[in-house]
Amino acid sequence: MFRYKTAWFSSSVPQTCYMFWTSEGGSIAHWRTADYLFSEDATCPDTLRIFESKDYLWNKLTIFHSLFLSACEKRQSVKSVSIGQYVLPPASVQDEVRKVFGQLIWERNNEQSADEHSLK
Amino acid sequence: ENVIKAPVPYSRCAACVLPFEEVTSHTFESLQSSCHQSCDRHKVLREATERFRMHHCKLVFEKEHQDAAEAERYSTAEPQRSCKNWTGRSEGERKVNNKNTLPERRWRKHNGVTLVPLQRRAKK
Ligand SMILES: [Zn+2]
């Protein structure tokens, strides 16, 4: 699924996501060069460091929520999951989005898949 | 009860349906900015993130400016030189242009100043 792709993982990401990535052929790289940056917690020091880096501020890096990988694992596919719905912004941005919509897109997706689960 | 639980329908934009294969952490932002019809969620997310970036760029700028001013104080030669390249391009901007993604113009427009890595010049 992730062959020829590189990723950086924040220490906040559960081991299962990390293992899923590598078991599907993905490799690990430094956050500056990795194709995908995954974190679960915007306030985790390693993630915070990226949010405040010039790479993030000027080159417009995007960090994705590791829930994306959980969703891929659940569906055994990357095709039916849109990574664009799993953007993990800085905590202050999350607060602003929550003020408007109540939750972030991935929080909604997560709830939905939890509902799907409970229906089974 | 079921009705309440049903997800609220919302419009989907290009960023909402971007497939994994076509986007990375380095390209998402420019792909999103080039899509003119953002859904409400991505619009709010983008604007709030842009505010965060501007605020922090300002902090970095102020810090570097302060550091440079400090360096000036200890240097006797050419006290004006840090202003000479004021409109010079930043390191970040060059990198972005090389990658052929969106330049920093938007940011500059809002602030009227350019971020210049003053530390580097101060070392000269
Ligand atoms: Zn959208």
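Residue numbers here run from 1 along each chain, matching the order of that chain's written sequence. Each chain gets a letter, beginning with A, and each ligand a number, beginning with 1, in the order they are written. Selection of residues for local features in this predicted model requires a pLDDT of at least 70, selection of side-chain atom pairs for listing and counting requires 80 or more, and totals for whole chains, interfaces and linings are taken over all residues.

Caption draft 1: Looking closely at the overall build of chain A. A run of H or I in DSSP counts as a helix once it spans at least four residues, and a run of E counts as a strand once it spans at least two, with each numbered from the N terminus. Helix and strand counts for chain A come out as 6 helices and 4 strands. If you list the helices and strands of chain A from N to C, you get β-α-β-β-α-α-β-α-α-α. Only C-alpha atoms enter the radius of gyration; for comparison, a globular chain is expected to reach 2.2 Å times N to the power 0.38, where N is the number of residues. Computed over its C-alpha atoms, the radius of gyration of chain A comes to 14 Å, within 12% of the 14 Å expected for a compact globule of 120 residues. Considering only C-alpha atoms, chain A reaches an extent of 45 × 40 × 20 Å along its principal axes. Across the 120 residues of chain A, 42% fall into the buried class. Once C-beta atoms are placed from the backbone, each residue is buried if 20 or more other C-beta atoms lie within 10 Å of its own, exposed if 12 or fewer, and partly exposed for counts between those two.

Caption draft 2: Up close: the pairing of strand β3 (residues 36-39) of chain A. Residues and elements named next belong to chain A. Every second residue of β3 is oriented toward a common face, with Tyr36 and Phe38 on one face and Leu37 and Ser39 on the other, all of them buried. The criterion for strand pairing is that DSSP finds at least two bridges linking the strands in question. By the bridge criterion, 3 bridges tie strand β1 (residues 6-9) to β3 in an arrangement that is parallel. Pairing of Trp8 across the sheet is with Leu37, part of β3. Strand direction decides the pairing type here: β3 and strand β4 (residues 63-65), joined by 3 bridges, are parallel. Bridge assignment links Leu37 to a residue of β4, and that residue is Ile63.

Caption draft 3: Representation of the interface of chain A and chain B in the model. Residues are defined as contacting one another if the C-beta atoms placed from their backbone atoms lie within 7 Å. Counting from both sides, the interface comprises 33 residues of chain A and, opposite them, 30 residues of chain B. When residues of the side of chain A that touches chain B are traced back to their parent elements, those giving at least two are β3, α3 (54-59), β4, α5 (91-101) and α6 (105-119) of chain A. Looking at the side of chain A that touches chain B element by element, the count peaks at 6 residues for α5(A). Residue polarity is assigned by list, with Asp, Glu, Lys and Arg as charged and Ala, Val, Leu, Ile, Met, Phe, Trp, Tyr, Cys and Pro as nonpolar; anything else, Gly included, falls into the polar class. Class assignment for the residues of the side of chain A that touches chain B results in 18 nonpolar, 7 polar and 8 charged.

Caption draft 4: Quick peek at the packing of α5(A) against helix α3 (residues 40-74) of chain B. Where α5(A) contacts α3(B), the axes come no closer than 9 Å and their chain directions differ by 145°. By crossing handedness, the relation of α5(A) to α3(B) is classed as right-handed. Taking contact as the criterion, the partners of Ser92(A), Val93(A), Glu96(A), Val97(A), Val100(A) and Phe101(A) in α5(A) are, on α3(B), Arg41(B), Val44(B), Leu45(B), Ala48(B), Thr49(B) and Phe52(B). Its residues assigned to classes, the contact of α5(A) with α3(B) comprises 8 nonpolar, 2 polar and 2 charged. Axis angles are defined between N-to-C directions and span 0 to 180 degrees, where every axis is a line fitted to C-alpha atoms and, for a helix, only to the segment in contact. Rotating anticlockwise by less than a right angle from the far helix to the near helix defines a left-handed crossing, while the corresponding clockwise rotation defines a right-handed one.

Caption draft 5: Highlighting helix α4 (residues 67-75) of chain A. Considered for burial, the residues of α4(A) that qualify are Leu67(A), Phe68(A), Leu69(A), Ser70(A), Ala71(A) and Cys72(A). Backbone geometry just after α4(A) places Gln76(A) at a positive phi near 55°.

Caption draft 6: Layout of the sheet that holds β1(A). The strand order across the open sheet formed by 4 strands is β2-β1-β3-β4 (chain A), and the pairing between neighbours is parallel. Every other strand in the sheet has two partners, leaving β2 (27-28) and β4 of chain A as the edge strands with one partner each.

Caption draft 7: Representation of the nonpolar core within the structure. Residues enter a nonpolar core if they are buried, belong to Ala, Val, Leu, Ile, Met, Phe, Trp, Tyr or Cys, and are joined to the set through C-beta atoms within 7 Å. Ala7(A), Leu37(A), Phe38(A), Ile50(A), Phe64(A) and Phe68(A) are the most contacted members of the largest nonpolar core, which totals 42 residues. For Phe38(A), the residues in contact, after removing those within four places along its chain, are Ala7(A), Phe9(A), Ser10(A), Val13(A), Cys17(A), Phe64(A), Ser66(A) and Leu69(A).

Caption draft 8: Region of the structure containing the environment of Pro90(A). If you trace the backbone, Pro90(A) turns up in the loop between α4 and α5. Here Pro90(A) falls in the buried class, since 22 other C-beta atoms lie within 10 Å of it. Each C-alpha atom, one on Pro90(A) and one on Leu69(A), is 20 Å from the other, the two residues being 21 residues apart in sequence. If we skip the residues at most four places from it in the chain, Pro90(A) touches Ala42(A), Phe51(A) and Phe52(B).

Without other data, these values stay purely geometric and don't point to any function.
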